[in-house]
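Now for the letters of each chain:
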Amino acid sequence: DQQVKQNSPSLSVQEGRISILNCDYTNSMFDYFLWYKKYPAEGPTFLISISSIKDKNEDGRFTVFLNKSAKHLSLHIVPSQPGDSAVYFCAASGSSGGSNYKLTFGKGTLLTVNP
Amino acid sequence: DAGVIQSPRHEVTEMGQEVTLRCKPISGHNSLFWYRQTMMRGLELLIYFNNNVPIDDSGMPEDRFSAKMPNASFSTLKIQPSEPRDSAVYFCASTNGLAGITQYFGPGTRLTVL
């Protein structure tokens, strides 16, 4: 029973174009969402997050959009660069406060940015 | 500041042997998490500690797995006896609840059980 789903195992884009990575969730109790990036032989590193009270959060080239009614979020990377090539994980939490910091992860999407 | 430190980075062992993975969280962080990553199941949470106390160990696959956090700067994940299906990358992560719920991951330990 996957509560966080990344249905595209891989995505290939040209340098300079937009990369759009998608994530769907089923648990309506999730109220905080994060994207992590992972290079081979390294641990996941935090990229950007969004609270359920917002529908958009932007940080430089990275923007996360949240559609609560559709239980869908997406990560946009503009412009894409070869160094962005990595596995991207979507994660969700049911607690934006308190002591429960459990994150549920999707299985990841491998992004390849071609020069 | 040093990030999350894990050791060893690679471990190759034979079935039936005991394996101990180690983690040092970021100083000041009060929550620690152990994850396992496999191709089939992705990143799955095994156990997490808050203020050195295990809060949720529902992800621990079976009694062969145990985890301890004797103090705020050290945690171990032990597998005894190990089996080939335990082969995976094991990650440790930590967070400071006062700063939000973003978890910071270590580099992982790649475990191979022959």
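Because the structure is a prediction, the values reported are computed rather than measured.

Each value, and the rule that gives it
Counting starts from 1 at the beginning of each chain's written sequence and moves along it residue by residue. Chains and ligands are labelled sequentially in the order written, the chains with letters from A and the ligands with numbers from 1. In keeping with the predicted nature of the model, local features appear solely for residues at pLDDT of at least 70, side-chain atom pairs appear and are counted solely at 80 or more, and the whole-chain, interface and lining totals rest on all residues. Side-chain numbers here rest on the full set of heavy atoms in the structure, without hydrogens or water. Put simply, a nonpolar core is a bunch of buried Ala, Val, Leu, Ile, Met, Phe, Trp, Tyr and Cys residues held in one set by side-chain atoms that sit within 4.5 Å of each other. Here's how the labels work: a residue is buried when its accessible area is under 20% of the maximum for its type, exposed when over 50%, partly exposed in between, all with a 1.4 Å probe on protein chains only. The numbering of helices and of strands both runs from the N terminus, where a helix is a DSSP run of H or I of at least 4 residues and a strand a run of E of at least 2. By definition in these notes, contact holds between two residues if any of their heavy atoms fall within 4.5 Å. Throughout, buried area stands for the accessible area (probe radius 1.4 Å) lost by two parts on being put together, summed over both. The term salt bridge refers to a side-chain nitrogen of Lys or Arg lying within 4 Å of a carboxyl oxygen of Asp or Glu. Under this definition, polar contacts are N or O atom pairs within 3.5 Å; protein pairs additionally need one hydrogen-donor-capable and one acceptor-capable atom, and for neighbouring residues in sequence, both atoms have to be side-chain atoms. Here the rule is simple: two strands pair whenever DSSP picks up at least two bridges between them. Note on method: axes are straight lines fitted to C-alpha atoms, helices fitted across the in-contact stretch only, with angles between N-to-C directions ranging 0 to 180 degrees. pLDDT expresses, on a scale from 0 to 100, how confident the predictor is about each individual residue. Here, a disulfide means two cysteine sulfur atoms that sit within 2.5 Å of each other.

**Remarks on the nonpolar core**
Here's step 1: Grouped together as the largest cluster of nonpolar side chains are 23 residues, with contacts concentrated most on A:Phe33, A:Trp35, A:Leu73, A:Leu75 and A:Tyr88.
Here's step 2: Broken down by secondary-structure element, the contributors of at least two residues to this core are strand E3 (19-25), strand E4 (32-38), strand E5 (45-51), strand E7 (62-67), strand E8 (72-77), strand E9 (86-93) and strand E11 (109-114) of chain A.
Here's step 3: With four residues, the single largest contributor to this core is E9(A).
Here's step 4: With residues up to four places along the chain from it excluded, the contact list for A:Tyr88 reads A:Gln6, A:Leu21, A:Trp35, A:Tyr36, A:Lys37, A:Leu47, A:Leu75, A:Ile77, A:Gly108, A:Thr109 and A:Leu111.
Here's step 5: One finds B:Cys23, B:Ile79, B:Cys92 and B:Val113 within the second-largest nonpolar core, a separate group that totals 21 residues.

**Thoughts on the side chain of B:Thr13**
Here's step 1: Mapped onto the secondary structure, B:Thr13 falls in strand E2 (residues 10-13).
Here's step 2: Setting aside residues up to four positions removed in sequence, B:Thr13 forms contacts with B:Val19, B:Ser82, B:Leu111, B:Thr112, B:Val113 and B:Leu114.

**Some details on the interface of chain A and chain B**
The accessible area lost on association of the parts is a frequent measure of interface size.
Here's step 1: Between chain A and chain B, the residue contacts involve 19 residues of the former and 24 residues of the latter.
Here's step 2: Counting the surface lost from both chain A and chain B, the interface buries some 1700 Å², and carbon and sulfur atoms represent 63% of this.
Here's step 3: Sorting the residues of chain A by area buried against chain B places A:Tyr101, A:Lys102 and A:Phe105 first, and these three jointly supply 35% of that buried surface.
Here's step 4: The interface formed by chain A and chain B includes one salt bridge.
Here's step 5: As a salt-bridge pair, A:Lys102 and B:Asp56 come within 3.2 Å of each other at their nearest N and O atoms.
Here's step 6: Our count for the contact surface shared by chain A and chain B stands at four residue pairs in polar contact (both at pLDDT 80 or more).
Here's step 7: When contributions to the side of chain A that touches chain B are tallied by element, the ones reaching two or more residues are E4, E9 and strand E10 (103-105) of chain A.
Here's step 8: Top contributing element to the side of chain A that touches chain B by residue count: E4(A), with four residues.

**Focus on the sheet that holds strand E3 (residues 19-24) of chain B**
Hydrogen bonds between backbone groups are what pair the strands of a sheet, and the pairing can be parallel or antiparallel.
All names here are of chain B.
Here's step 1: Taken in spatial order, the four strands line up as E1-E3-E8-E7 in an open sheet, and their pairing is antiparallel. Bordering the open sheet on either side are strand E1 (5-7) and strand E7 (65-71), each of which pairs with just one other strand. Direction aside, the axes of adjacent strands within the sheet are offset by 15° on average.
Here's step 2: When E3 meets strand E8 (residues 74-79), the two strands line up antiparallel, connected through five bridges. Bridge pairing in E8 places Leu21 opposite Leu77.

**A closer look at the confidence of the model for chain B**
Here's step 1: When pLDDT is averaged across chain B, the result is 93; 96% of the residues are at 70 or more.
Here's step 2: Looking over chain B, one finds the lowest element-wise mean pLDDT in strand E6 (residues 53-56) of chain B, namely 91, and the highest in E3(B), namely 98.

**Re the sheet that holds E7(A)**
Residues and elements named next belong to chain A.
Here's step 1: Strands sit in the order E1-E3-E8-E7-E6 across an open sheet of five strands; the sheet is antiparallel. Of all strands in the sheet, those bounded by a partner on one side alone are strand E1 (4-5) and strand E6 (56-59).
Here's step 2: As defined by bridge partners, E6 adjoins E7 across four bridges and the pair is classed as antiparallel. Looking at E7, one finds that Asn57 is bridged to Val64.

**Focus: the pairing of E7(A)**
Residue and element names in this part refer to chain A.
Here's step 1: What sits between the antiparallel neighbours E6 and E7 is a turn of two residues, in which Gly60 has the positive phi angle 65°.
Here's step 2: Both E7 and E8 contribute to a ladder of six bridges, which runs antiparallel. Residue pairing for E8: Phe65 is matched across the bridge by Ser74.
Here's step 3: The hairpin formed by E7 and E8 contains four residues between the paired strands, and Lys71 there has a positive phi angle of roughly 50°.

**Remarks on the state of the cysteines**
Here's step 1: Applying the stated criterion to the full structure yields two disulfides over all chains.
Here's step 2: Through a disulfide, A:Cys23 is tied to A:Cys90; the S-S separation comes to 2.1 Å. Handedness of the A:Cys23-A:Cys90 disulfide follows from its S-S torsion of about -75°: it is left-handed. Here A:Cys90 lies in strand E9 and A:Cys23 lies in strand E3, a separation of 67 residues in the sequence. In this pair, the class of A:Cys23 matches that of A:Cys90, namely buried.
Here's step 3: Disulfide pairing places B:Cys23 opposite B:Cys92 at an S-S distance of 1.8 Å. Its S-S torsion of about -65° marks the bond between B:Cys23 and B:Cys92 as left-handed, since a negative value means left-handed. One end of the pair, B:Cys23, is in strand E3; the other, B:Cys92, is in strand E9 (residues 88-95), and 69 residues separate them in sequence.

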